[in-house]
Amino acid sequence: MTPRLQLLTRAGCHLCEQAATTLAEVAAEAGLDEPAQVDVDADPGLQAEYGDRVPVVLLDGREHSYFTVDVPRLRRDLRLSP
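The following refers to the structure shown. (Residues numbered from 1 in each chain as written. Predicted model: local features only at pLDDT ≥ 70, side-chain atom pairs only at ≥ 80, totals over all residues. Heavy atoms only, no water.)

### Let's talk about the environment of Ser65
Part 1 of the reasoning: Relative to the helices and strands, Ser65 is located in strand S4 (residues 62-66).
Part 2 of the reasoning: Exposure remark for Ser65: the relative accessible area of 8% places this residue in the buried category.
Part 3 of the reasoning: For Ser65 and Gly31, which are 34 residues apart along the polypeptide, the C-alpha to C-alpha distance reads 20 Å.
Part 4 of the reasoning: In contact with Ser65, not counting residues within four places along its chain, are Pro55, Val56, Val57 and Asp70.
Part 5 of the reasoning: There is a polar contact of 3.4 Å between the side chain of Ser65 and the backbone nitrogen of Asp70. (Helix = DSSP H or I, 4+ residues; strand = E, 2+ residues; numbered from the N terminus. Buried < 20%, exposed > 50% of the residue type's maximum accessible area, 1.4 Å probe, protein only. Contact = heavy atoms within 4.5 Å. Polar contact = N/O pair within 3.5 Å; in protein donor to acceptor, adjacent residues only side chain to side chain.)

Structure follows, in structure tokens:
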């Protein structure tokens, strides 16, 4: 099964922009599609759960990291060499 990456974001969030760039680089290295970006403010459930700590990286639907991309951990979980 191919890993699925998502980034929970919000408009005007500079940390979200940085995380999107970093996540796209790691995804490309792993041969994955560009990670989907989801605006937490467009979904009341996501906003309630994640709204105070965006950006949030989801790997296969589970929270992986927030505020910044935990690159070493993500690389390990995607089975990329160090």
